[in-house]
Amino acid sequence: MFPIDLLDAAPEGSPHPSSSPLLAHLNPEQLAAVTLPAGHALILAGAGSGKTRVLTTRIAWLLQTGQATPGSILAVTFTNKAAKEMLARLSAMLPYNVRGMWIGTFHGLCNRLLRAHHQAARLPQAFQILDTQDQLSAIKRLCKQFNVDDERFPPKQLMYFIAGCKEEGMRPGDVVASDPDTRKKVEIYQLYEEQCQREGVVDFGELMLRSFELLRDDEHLRHHYQRRFQHILVDEFQDTNKLQYQWLKQLAGNEVGGRYVSGSSVIAVGDDDQSIYAFRGARVGNMADFIREFDVRQQIKLEQNYRSYSNILDCANALISHNSNRLGKNLRTAQGPGEPVRIYEAPSDLAEASWMVDEIKQLVKNDGYARQEIAVLYRSNAQSRAIESALFNAAIPYRVYGGLRFFERAEIKHALAYLRLLENPHDDTSFLRVVNFPPRGIGARTIEVLQDTARSSGTSLSDAVTAVGGAAGTKLQGFVAKIDVLREQTQGKTLREIIETVEEESGLLEHYRNEKEGADRIENLQELVTAAESFVTQEGFGRDAIALPLDEQQNARPGQDLTQSPASQGLDPDAPLLDEPLRPPAGTAAAMVNADTGETLSPLAAFLTHAALEAGDNQAQAGQDAVQLMTVHASKGLEFDAVFIGGMEEGLFPHENAMMDRGGLEEERRLAYVAITRARKRLYLSHSQTRMLHGQTRYNVKSRFFDELPEEALKWITPRQGGFGTFAPHSGAYGAYGSRASGQLGSNSGWAGKPDVFASPPVPPRKAEPSHGLKAGMNVFHNKFGEGKVLALEGTGDDARAQVSFGRHGTKWLALSIAKLTIVE
DNA sequence: TGAGATCTATCAACT
DNA sequence: ATAGATCTCA
């Protein structure tokens, strides 16, 4: 039925069966989306509507029908997880290698572009990528050097400022600075840029911005990629920021009077209800702009949900209907109501965790759920600790995504810093990280002198050591010599050997062997070797780093001249060119070759890139049948048979910090919507009366989101136990909890014949109603802290406490028998 | 001057 | 709870 075998990239590829099963089982909307004629289109895809399936099937269909070659396809996602998922599905669908396609995250593809054209982008080929930690420490270093008042300009705030500018596509010169503070920030931004350029490092924002400018300013190169990528597919389009949208426009090509009427076909897939990244510059408005600027004629809504039972979906629909400014979409399912959504109230976070564990045991044992089909979601990473320890104690395998990830651990960053110095001695951030770690007698004073020397001579720290005299200078030179020796020693070695050598010779292993808490760290350092090993052997090796050689005769021949294209405008042509990067020795195994330029990148450089772009999971044992733990953000795009959402409490979910932002509550609600729609069969929501946070106990009121769910889809499984209900009527600025909940609680004792789940630890009895007359949401006045707002209340009589937010003085818990609070009207 | 001890601020999400 | 910053002693 389809012409096939047009894929020269897979000469041995076995012909696909002509009666393609590809399009079978698609519903009419999905089919329409998959088989859209070339052109721009927007697909509004609700949660669980088969979005990834549509995307991957379209790619497969384009290839199978000969409308596209692998090299003409660019598919971009936000997370590594989504990119991997897409690749995995495509490999399963297609009989040939999928590597010729550019499929990856925005940052991954930008990295690929910049590596391929590093000269045009004025970067060393082995440029290093700063993660958030590195970026912050680079900014701190800069501030110290230029005596920036870190009271007035906290480094973190500067980092947000810089990242924000880049997300908007603004260089320092583009920022309109009307007040002195902004002018100062712009000045620091400028200095920061110079520092990064000098050191040959780029941050996440720079990856995007630099590759955008590369395309914008280098006509030759832009045309090459515009011709090449005839089919551009964008996943999670609602999460694109301004710069990413502009980046896409550069690739789409053929702008005529502000309209992108022809050129490549851009298919944007998104869901405004799942926009959860406004905090980092995502612009839902890009969807409307896309429709206008690309003159989109084809809009398809995917509203049929194949994932969840209707009780779950009803909850999601009801919740999200409380948001305004929606494009309008309602999920429907052909499945029955399924089981009710269970809601549990725990007395403490530990009790919440142990309830989850009990419930998970039941699910696995009695109901035959696979552990990997059970997920525990939470709003913030700090919540995972309690759940982890409960799972650990119950000997249930689990896997945590996010949190302190593998490549972010201190010992790993130390090892990576040594490795980075091998690749690029001018990486001052890495230099400073390990110049005195393990301690080798180089103190703050010496480093200060070195930094002064480097600054006045305009060189990197590494180059400046020779200019420092005395004993301090000798020590410094000793350190640099050590790095140089390491670089010598590791020449021609495999990645594994390089890392092993560095870990041993740097003294890191020795240092941790002598440290009493060092065993875990040593284990992690060994794990780094393993990670490198699997990076080398793993399928898709270097995908993010650089393309493997591939047959691209279907594409416009890139040609060597691309690398000789004139230096991009917009960058200072007089900026000193950095040294040519180290080339891997000839014959080194697995040196990677850039398909577009023929240049090679050493396995070590590729691995370092991998480490920066994919922070890695923090649990080593992957692929096991393990319960999945992650933040709600990390869960987007995934689905599970059973989902637990813990910590549904005011201040946590919705998060108190989010409430400060404009539109913050709505984003929190979308976040809850995302969380709910992850569940296929069972959904559990829970909240806890108390929670350890920052080392102290906090008392939380249940989330307002509970009040926005349809009662008939819920089942409250908390035993009464005489506890919270007594003060519940006073806990709510949000209304109906008390009356409704007490009725629910009473009518729901004993479901599903599992009385043991009710065995929650006893709650301290409370006798009387609180008499202070305070309610959450009231404004109060405190003699010392001034005016504040009551966030939550707890306890009665002498034990009564109120959580009050005092703005400048922060949020405090106050014992009402002691603190004098007056109600402000 | 450097190393260890103590104090303090932080703690939302992702690349 | 934890890391980072500051302080004190050798």
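Throughout this document, residue positions are counted from 1 along each chain, in the order its sequence is written. Numbering of ligands from 1 and lettering of chains from A proceed in the order in which they are written. Side-chain atom pairs in this predicted model are given and counted only at pLDDT of 80 or more, local residue features only at pLDDT of at least 70, and totals for whole chains, interfaces and linings cover all residues. With hydrogens and water set aside, each side-chain value is computed from the structure's full complement of heavy atoms.

Aromatic rings from Phe, Tyr and Trp, with only the six-membered ring used for Trp, were paired whenever their centres fell within 6.5 Å, and each pair was classed as stacked if the ring planes differed by under 30 degrees, edge-to-face if by over 60, and tilted otherwise. Applying the stated criterion across every chain yields a total of 19 aromatic pairs. With a centroid separation of 5.3 Å and an interplanar angle of 50°, the aromatic rings of phenylalanine 237 and phenylalanine 290 are classed as tilted. Within this pair, whereas phenylalanine 237 is found in the loop between β6 (231-234) and α10 (242-252), its partner phenylalanine 290 is found in helix α11 (residues 285-293), the two being separated by 53 residues in sequence. Ring centres of phenylalanine 535 and phenylalanine 607 lie 5.5 Å apart, and the angle between their planes is 55°; this geometry places the pair in the tilted category. Of this pair, phenylalanine 535 sits in helix α22 (residues 519-537) while phenylalanine 607 sits in helix α23 (residues 603-613), and the two are 72 residues apart along the sequence. Given a relative accessible area of 3%, phenylalanine 535 falls into the buried group. Over the ring of phenylalanine 127 we find arginine 115; its NZ or CZ atom is 3.7 Å from the centre of that ring. Strands are runs of DSSP state E lasting at least two residues, helices are runs of H or I lasting at least four, and both sets are numbered from the N terminus onward. To sort residues, take the accessible area from a 1.4 Å probe on protein chains only and compare it with the maximum for the residue type: under 20% means buried, over 50% means exposed, and anything in between is partly exposed. Whether a charge lies above a ring is judged from NZ of Lys or CZ of Arg, which has to be within 6 Å of the ring centre and within 35 degrees of the ring normal.

Glancing now at the pattern of salt bridges. Definition used for salt bridges: Asp or Glu carboxyl oxygen within 4 Å of a side-chain nitrogen of Lys or Arg. Applying the stated criterion across every chain yields a total of 53 salt bridges. The closest approach of N and O atoms between arginine 691 and glutamate 649, which form a salt bridge, is 2.7 Å. Placement of arginine 691 in strand β20 (residues 679-693) and of glutamate 649 in the loop between β19 (640-645) and α25 (664-676) is noted, with a sequence separation of 42 residues between them. A single burial state applies to arginine 691 and to glutamate 649, both of which are buried. The residue lysine 702 makes a salt bridge to aspartate 707 at a minimum N-O spacing of 3.2 Å. With a relative accessible area of 24%, aspartate 707 lands in the partly exposed category. One network of salt bridges, in which partners are shared, links Lys166, Arg171, Glu193, Asp203, Glu206, Arg210 and Glu213.

The next thing to look at is the protein's contact with DNA strand B. Distances are taken per atom, and a residue is near a molecule or strand as soon as one of its heavy atoms is within 4 Å of it. In the vicinity of DNA strand B there are 32 residues, among which Lys156, Arg280, Arg379, Asn381 and Arg445 approach most closely. Of all DNA strand B atoms lying within 4 Å of any protein atom, the proportion belonging to sugar or phosphate reaches 55%. Polar contacts here mean pairs of N or O atoms no more than 3.5 Å apart (in protein, one a potential hydrogen donor and the other a potential acceptor; neighbouring residues in sequence count only if both atoms are side-chain atoms). Interatomic distance of 3.3 Å between a backbone N/O atom of glycine 441 and a phosphate oxygen of DNA strand B. The biggest single contributor to the surface near DNA strand B is helix α17 (residues 444-457), with 3 residues. Among the residues forming the surface near DNA strand B, the class breakdown is 9 nonpolar, 16 polar and 7 charged. Amino acids are sorted into nonpolar (Ala, Val, Leu, Ile, Met, Phe, Trp, Tyr, Cys and Pro), charged (Asp, Glu, Lys and Arg) and polar (every other residue, Gly among them).

Turning to its location among the elements, isoleucine 442 is positioned in the loop between α16 (428-434) and α17. Each C-alpha atom, one on isoleucine 442 and one on glycine 473, is 9.4 Å from the other, the two residues being 31 residues apart in sequence. The criterion used for residue contact is that any of the two residues' heavy atoms lie within 4.5 Å. Those residues in contact with isoleucine 442, other than ones at most four positions away along the chain, are Val435, Asn436, Ile447, Lys475, Leu476 and Phe479.

Our focus in this paragraph is the UniProt feature "binding site: ATP" (unreviewed entry) in chain A. UniProt records the feature "binding site: ATP" (unreviewed entry) at Ala45, Gly46, Ala47, Gly48, Ser49, Gly50, Lys51 and Thr52, using the numbering of this structure. By the element assignment, serine 49 lies in the loop between β1 (41-45) and α2 (51-64). Setting aside chain neighbours within four positions, we find serine 49 in contact with Gln30, Leu302, Gln304 and Tyr306. Positionally, lysine 51 belongs in helix α2. Exposure remark for lysine 51: the relative accessible area of 15% places this residue in the buried category. The contacts of lysine 51, once residues within four sequence positions are left out, are Ala45, Asp235, Glu236 and Val269. UniProt positions are given in the numbering used here, feature names are shortened, and annotations may be inferred rather than shown by experiment.

Moving on, we come to the pairing of strand β14 (residues 374-378). Of all 5 residues that make up β14, 5 are buried, and the element is covered over most of its length. Going residue by residue along β14, you find Ile374, Val376 and Tyr378 tucked away on one face and Ala375 and Leu377 tucked away on the opposite face as well. As paired strands, β14 and β19 are joined by 4 bridges and run parallel to one another. Counted as the bridge partner of isoleucine 374 is alanine 642 from β19. Pairing between strands is defined by DSSP: at least two bridges between them are needed.

Here the nonpolar core consists of buried residues drawn from Ala, Val, Leu, Ile, Met, Phe, Trp, Tyr and Cys, with membership extended through side-chain atoms lying within 4.5 Å. Counting 64 residues, the largest nonpolar core has Trp247 and Phe290 as the members making the most contacts within it. Grouped together as the second largest cluster of nonpolar side chains are 49 residues, Ala415, Ile483, Val502 and Leu508 included.

On to the pairing of strand β9 (residues 265-270). The side chains of a regular strand alternate between both faces of the sheet. By the criterion of burial, β9 is predominantly enclosed, with 6 of the 6 residues buried. The alternating pattern of β9 places Ser265, Ile267 and Val269 and Val266, Ala268 and Gly270 on opposite faces, both of which are buried. Relative to β9, β1 runs parallel, the two sharing 4 bridges. Among the inter-strand pairings, leucine 42 is bridged to a residue of β9, identified as alanine 268.

A word on the sheet that holds β9. Reading across from one edge, β3-β2-β6-β9-β1-β10 is the order of the 6 strands in this open sheet, with parallel pairing throughout. Each of the sheet's edge strands pairs with one partner strand only, and the pair in question is β3 (102-105) and β10 (298-302). Across the sheet, the mean angle from the axis of one strand to that of its neighbour is 15°, orientation sign disregarded. Both strand β2 (residues 73-77) and β6 contribute to a ladder of 4 bridges, which runs parallel. Bridging from a neighbouring strand, valine 76 pairs with valine 234 of β6. Helix axes are fitted to C-alpha atoms over the stretch in contact, other axes to C-alpha atoms as well, and angles between N-to-C directions run from 0 to 180 degrees. Against the sheet, α10 touches β2, β6 and β9, its axis set at about 165° to β6.

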